[in-house]
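# Descriptive structure summary
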Amino acid sequence: VAQDQTASPPQAEQLAAARTAAKDLGETLKGVLVQSIKSGGPVAAIAACNTIAPAIGLELSKKYQAEVGRTALRVRNAANAPDDYERRVLEEFAAKLSAGADPATLEHSETTDVNGVKTLRYMKAIPMAAEPCAACHGADLKPEVKAEIGKLYPQDQATGFKPGDLRGAFTISMPVK
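If you're wondering where the values come from, they're calculated on a predicted model, not measured in any experiment. (Residues numbered from 1 in each chain as written. Predicted model: local features only at pLDDT ≥ 70, side-chain atom pairs only at ≥ 80, totals over all residues. Heavy atoms only, no water.)

## Thoughts on the nonpolar core
Leu25, Val68 and Ile172 are the most contacted members of the largest nonpolar core, which has 25 residues in total. Counting only elements with at least two residues in this core, the list comes to α1 (12-64), β3 (117-127), α4 (143-152) and β4 (166-175). Per-element accounting of this core gives the leading share, 12 residues, to α1. Other than its neighbours up to four places away in sequence, Val68 contacts Ala21, Leu25, Gly57, Leu60, Ser61, Thr171 and Ile172. Residues Val89, Leu90, Phe93 and Ala169 belong to the second largest nonpolar core, which totals 10 residues. (Core = buried A, V, L, I, M, F, W, Y, C linked by side-chain atoms within 4.5 Å. Buried < 20%, exposed > 50% of the residue type's maximum accessible area, 1.4 Å probe, protein only. Helix = DSSP H or I, 4+ residues; strand = E, 2+ residues; numbered from the N terminus. Contact = heavy atoms within 4.5 Å.)

Written out as structure tokens, the structure is:
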């Protein structure tokens, strides 16, 4: 993805749409994961995340006419690896968190050129929560959870987190109208 370095602030209504898309993704994923945990425990949530989360991202991308997804510095799914822009913003989030920022308030947006298209890029930090996140992303995983993660995500890097850590970010990219 070619991106120029001259960024400008996004328009208010498009920024609001990006925030809504990120919130929608977070709430939808959390709902699916909580339901999966209730019905089959953390192992079921891992399987749901593997199959349902990408479909939710695609559905919301169509709904918002944007690329809607998640990324992190330590990913579970290699398909969610950050591009250069996302890595830079995640590193900024991590530095702000280390300096005492509230992870729930961390967000970044800019309008930039991506492959010749004026594009809004928006990211909202995902703080690690004790529930339901720690069951699959925490430091003390049950053996059956470790086994399922290893089976579905052999290159997993997304464990060992504590509540309040930066788990990742929702990332939205949409053409400027």
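## Observations concerning the confidence of the model for the protein chain
Scored by pLDDT, the protein chain has a mean of 91; 94% of the residues are at 70 or more. Across residues 1-6, confidence stays below pLDDT 50; counting only partners more than four residues off in sequence or on other chains, it has 15 contacts. (pLDDT = per-residue confidence, 0-100.)

## Details of the sheet that holds β4
If you walk across this open sheet you meet the four strands as β1-β4-β3-β2, and the pairing is antiparallel. The outermost strands of the open sheet, each flanked by one partner alone, are β1 (67-71) and β2 (107-114). When strand polarity is set aside, the average angle formed by the axes of neighbouring strands in this sheet is 20°. When β2 meets β3, the two strands line up antiparallel, connected through eight bridges. Within the sheet, the bridge partner assigned to Thr111 lies in β3 and is Leu120. (Pairing = 2+ DSSP bridges. Axes fitted to C-alpha atoms, helices over the stretch in contact; angles between N-to-C directions.)

## Some thoughts on the packing of aromatic side chains
Under the defined criterion, the tally for this structure stands at zero aromatic pairs. Positioned above the aromatic ring of Phe161 is the side chain of Arg74, whose terminal nitrogen or guanidinium carbon lies 4.0 Å from the ring centre. (Phe/Tyr/Trp six-rings, centres within 6.5 Å; stacked < 30°, edge-to-face > 60°. Lys NZ or Arg CZ within 6 Å of the ring centre and 35° of its normal.)

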